[in-house]
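Listed here are the chains, written in short residue letters.
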Amino acid sequence: MQLALLLALALQASPATSPGDTVQVLRKEARRAEHRYERLSRSLAPEAFGAGQWGHCDEVVGRFCLRYGDDEKDEEPSDDTVHVEPVQIVEARKAAIDAFRRLFSCTPGDLNVAGPLVRYLVEDDRGPEAVSAARSFDWATHDSIWGPLLLGFALHNNGQEGAAERQFALALTRMPPDQRREFDDLHVLLSGAEWHRVEAMSPVGRARYEHMFWRLADPLYVTPGNERWNEHMARHVWARLLSHVPRVAGMTSWGKDLEELTLRYGVPTRRERVESPDPFRDPFNFSMLEYYSSRAQAFTTSDLRTEGYAEASVPGAPDPLDSVRVRSEFAPYNLSKLLPFPHQVARFPTAGDSVTVLMEAELPLDSLGTSARDLRTGIFMLDSAANLLAKQEDRQRTYGRMVRVAGQFTLPPGRIIYSVEALDTVTRRGARARYALPLHAYPAGEPALSDIVLTHPFRNQLLPRSRADLRGAPLPGATVAAGQNVGIYAEVHRLAGDSDGHTRYSVEVAVEPAHGPSIATRVVRWFGRSLGLSHDHPPPSVSWTAEGTPGQPAIVALDLQIENVHPGLYSVELAVRDRVLGVRMATHRLIRIQDGT
């Protein structure tokens, strides 16, 4: 009943046809309108100036020269909005919509009618109408595969990702094996070496790979549905719709090369026209330059099995996926901009062979725009096969200056992938940090040293006696401005007790250049009573001894005086020696001192 009502509403909204109208007449009118729109969208495209337009090709795909570039990556608004279409093109598209709507009212179950109508509605930014037309087609058609495919396409382009995912999944279950393999095929998204590895897998192994690939490709886990998988399915629909567009001047015939570009990068967001050398002799002979969205980002890695998912970058270095040359890109509808999320992650020994992971992330709210701060935040922990191990989600409304996400998770040893995320649901700006992290088992019964946590300076405040006392002290990342000091925090577990019932250990701390000769910079200013020091001023050495209680972790908490250290990349080195057992443990944390001038 509901679908029938939707169809009735769609037909009622369509212009009434006169008794003399026939389907054949309406079909000819729709095709004429379609042909005119496609012709004008190319012939009225702005002219490309400058010989530099025809430089070298970064990649050749069939008949096409593909050039990468990031000249507009950071511009706002993006090239999707600043390039205004000529009014004649807009009017021609609206005329095509009206013509196909009249034909659709007579043949609502015809894919060759519903497809162009939904496509033009999407291009005209009329997402709700596209969804309504696609629902009507799904109700009226006998095609059990393309009904949900076209509906998923419309829902995806209207930002309804959860519903779109369900429709695409339904279509896949109804496809014959050959068609499903075509939709599931990843080879155009992978490097050659990666594809050879995947191609050699067993069916079970390939299914696991595809699950991992698409799970890690999902831009944000705090939003419903997998936008990147939906986009891949939608691009198959785009390919089918575009392959049936009438050929006009300036258009290249459809082929495998165009299909590959569509699956990798989607559809172009704008065009430029390159005129023929002699426009007076042949005014219809011109070529096209087509541009993809400057908002697009790489959410997939083309070498997942060959190289693995990347671990966190060196502080201050770009994200491994943030590259000019990428195999595939995508600009999510529900995400206007995705920023890096400054964060810090540290591993701590736990009872048994488990590992506790501490996550701290912080970002200025101004980076997410100027909305009323309706935020979704989350931390997600996945295993090496991208199966969810644990998560922490929140929805908050804040008017403060910063968005902070923090959490602790106790996990089994192994390689994990974490994702810390925030999304302003009004401005549609988000932040994300997603990296692999090895969790090595701490040998049972042996002394164990945690990772270093960089903190705000403790100064003369009471030093933390446990992790619970940190209370927001950790820095959100490992980049600090020149002239500032930092604190460090670490824990030493399972120290052995001596005959007097005490643990005895020594500590060494140094800050060294991350590259070049290892020259220790002695920077300890104050260690505090919790380290067992006998006087309040720093000793003239970077090493000291202390005592503790068996069964209780020894806390290393101090300030590092790095205010006079030159900008650059450094390593904070921490070594602890159990003086009872003679066991030495060491860890380090990279830190970048950023010149603020």
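The structure we're discussing is the one just above.
Residues numbered from 1 in each chain as written. Predicted model: local features only at pLDDT ≥ 70, side-chain atom pairs only at ≥ 80, totals over all residues. Heavy atoms only, no water.

What the rule picks out here adds up to ten aromatic pairs. Here Phe168 and Trp229 contribute two aromatic rings whose centre-to-centre distance is 6.3 Å and whose plane-to-plane angle is 85°, an arrangement assigned as edge-to-face. Of the two residues, Phe168 sits in helix 8 (residues 161-174) while Trp229 sits in helix 12 (residues 227-243), which places them 61 residues apart along the sequence. Residues Phe168 and Trp229 agree in their burial class; the two are buried. Between the aromatic rings of Tyr221 and Phe380, the centroid separation amounts to 5.4 Å while the plane-to-plane angle is 75°, which identifies the pairing as edge-to-face. Of this pair, Tyr221 sits in the loop between helix 11 (203-217) and helix 12 while Phe380 is found in strand 8 (residues 374-383), placing the two residues 159 residues apart along the sequence. Accessibility assignment for this pair places Tyr221 and Phe380 in one class, buried. The ring of Tyr221 carries Arg215 above its face, with NZ or CZ at 4.3 Å from the centroid. Taking NZ or CZ as reference, Arg434 lies 3.9 Å from the ring centre of Tyr221, over its face. (Phe/Tyr/Trp six-rings, centres within 6.5 Å; stacked < 30°, edge-to-face > 60°. Helix = DSSP H or I, 4+ residues; strand = E, 2+ residues; numbered from the N terminus. Buried < 20%, exposed > 50% of the residue type's maximum accessible area, 1.4 Å probe, protein only. Lys NZ or Arg CZ within 6 Å of the ring centre and 35° of its normal.)

Take Ser328: it is sitting in the loop between helix 14 (304-307) and strand 5 (337-340). Here Arg228 takes part through its side chain, which lies 2.7 Å from a polar atom of the side chain of Ser328. Here Arg264 takes part through its backbone oxygen, which lies 2.6 Å from a polar atom of the side chain of Ser328. Discounting residues that sit within four places of it in the chain, Ser328 has contacts with Leu189, Arg228, Arg235, Leu263, Arg264, Tyr265, Gln297, Ala298 and Thr300. (Polar contact = N/O pair within 3.5 Å; in protein donor to acceptor, adjacent residues only side chain to side chain. Contact = heavy atoms within 4.5 Å.)

Turning to the packing of helix 8 against helix 12, a few remarks are in order. A pair of packed helices can be characterised by two numbers: the angle between their axes and the separation between those axes. At a closest axis distance of 10 Å, the pairing of helix 8 and helix 12 adopts a crossing angle of 55°. In terms of their interaxial angle, helix 8 and helix 12 are classed as oblique. In terms of crossing hand, the pair formed by helix 8 and helix 12 is left-handed. Residue-level inspection shows Glu161, Ala164, Glu165, Phe168, Ala169 and Leu172 of helix 8 in contact with helix 12, the latter providing Glu227, Trp229, Asn230, Met233, Ala234 and Val237. Its residues assigned to classes, the contact of helix 8 with helix 12 comprises eight nonpolar, one polar and three charged. (Axes fitted to C-alpha atoms, helices over the stretch in contact; angles between N-to-C directions. Parallel < 35°, antiparallel > 145°, perpendicular 65-115°, else oblique. Left-handed = near helix turned anticlockwise from the far one by under 90°. Nonpolar A, V, L, I, M, F, W, Y, C, P; charged D, E, K, R; others polar.)

Applying the stated criterion across every chain yields a total of 32 salt bridges. One salt bridge in this structure joins Glu38 and Arg42, with 3.0 Å as the shortest N-O distance. One end of the pair is Glu38 and the other is Arg42, both in helix 2 (residues 23-43) and four residues apart, which spans about a single turn. Between Asp184 and Arg180 there is a salt bridge, with the nearest N and O atoms lying 3.2 Å from each other. With Asp184 and Arg180 both in helix 9 (residues 177-184), this residue pair falls four residues apart, about one helical turn. Residues joined in a network through salt bridges with shared partners are Glu85, Arg93, Lys94, Arg101, Asp124, Arg126 and Glu129. (Salt bridge = Lys/Arg side-chain N within 4 Å of Asp/Glu carboxyl O.)

Spatially, the five strands line up as an open sheet ordered 15-22-21-17-19, and their pairing is mixed. Taken across any chain shown, the strands that pair with only one partner, and hence form the sheet edges, are strand 15 (479-481) and strand 19 (543-548). Sheet twist, expressed as the mean angle between neighbouring strand axes with direction ignored, is 30°. Two strands pair when backbone bridges link them, and strand 15 and strand 22 (residues 583-594) are joined in this way by three bridges, in the parallel orientation. Bridge pairing in strand 22 places Thr479 opposite Arg592. (Pairing = 2+ DSSP bridges.)

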